[in-house]
Amino acid sequence: MVESANPTDASPVWVWVKTPALDQVLIGKTRKLSTRSSLLLLKVKLHDSEKDSVESDNHDVNWGWTHGTIAAAEGSDSQSSSEILVTVLDELSMHNNKSANLPADSFETGDIVMDNVYENDDYPDDLVALTHLHEPAVVMCLKKRFEAGKIYTDDGPKLIALNPFKEC
């Protein structure tokens, strides 16, 4: 479960941040996106916590996006108006619980996109109904619906069916 960056803030602003943008700010270089084998390792870690002994040379899975919040900068003189302070709250990211100042144009360049927040993880049956429609929103919606046993999702007039077999 992801917790709020600021416990006194009842409704943080959840966002998705491109991992390469965070890498550039936090470690000074961009890492390679994960291969299919790393994504299969993620599947093992997510669905079978007892298989933690499975290791890879890449300890975190970089699928291109990291979940986090925009931290409030009220009364802070250190926060420049040309930057956005983002706190990463994503257990699968090597940047979990770290904060980064990203350029103010990160929304315009697509490095930061808004997250869809649904009560009780009740994601819509049709992707067209997503408030914010972008790659991480679609992936997260399909993931949450799959975890809830809902393998069919509409995409307007098209039907997306996910493989119902959790173990192959």
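Calculation notes
Residues numbered from 1 in each chain as written. Predicted model: local features only at pLDDT ≥ 70, side-chain atom pairs only at ≥ 80, totals over all residues. Heavy atoms only, no water. Salt bridge = Lys/Arg side-chain N within 4 Å of Asp/Glu carboxyl O. Helix = DSSP H or I, 4+ residues; strand = E, 2+ residues; numbered from the N terminus. Buried < 20%, exposed > 50% of the residue type's maximum accessible area, 1.4 Å probe, protein only. Contact = heavy atoms within 4.5 Å. Core = buried A, V, L, I, M, F, W, Y, C linked by side-chain atoms within 4.5 Å.

> Summarise the pattern of salt bridges; cite the residues concerned and give the values.
Overall, the coordinates contain two salt bridges when judged by the stated rule. Residue Arg145 is joined to Asp125 by a salt bridge in which the shortest nitrogen-to-oxygen separation is 2.8 Å. Linking Arg145 in helix H4 (residues 135-147) with Asp125 in the loop between strand S5 (112-114) and H4, this pair joins segments that are 20 residues apart in sequence. By relative accessible area, Arg145 is classed as buried at 5%. The shortest N-O distance in the salt bridge between Glu147 and Lys143 comes to 2.6 Å. You can see Glu147 and its partner Lys143 sitting in helix H4, four residues apart, about one turn around the helix. Take Glu147: its relative accessible area is 37%, and that puts it in the partly exposed class. A relative accessible area of 29% means that Lys143 is categorised as partly exposed.

> Which residues make up the environment of Val128, and what values do they have?
Locating Val128 in the fold gives a position in the loop between S5 and H4. A residue is classified by how much of its surface remains accessible, and Val128, at 53% relative accessible area, is exposed. Taking the C-alpha atoms as reference points, Val128 and Asp155, 27 residues apart in sequence, are found 6.0 Å from one another. Those residues within four positions of Val128 in sequence are excluded, and the remaining contacts are Asp155 and Gly156.

> Describe the nonpolar core, listing the residues and the values that go with them.
The biggest cluster of nonpolar side chains holds ten residues, and these are Trp16, Trp65, Val113, Tyr118, Tyr123, Leu127, Leu130, Ala137, Met140 and Cys141. Leaving out residues up to four positions away in the same chain, Met140 has contacts with Trp16 and Tyr123. Val15, Leu22, Val88 and Leu102 belong to the second-largest nonpolar core, a separate cluster that totals nine residues.

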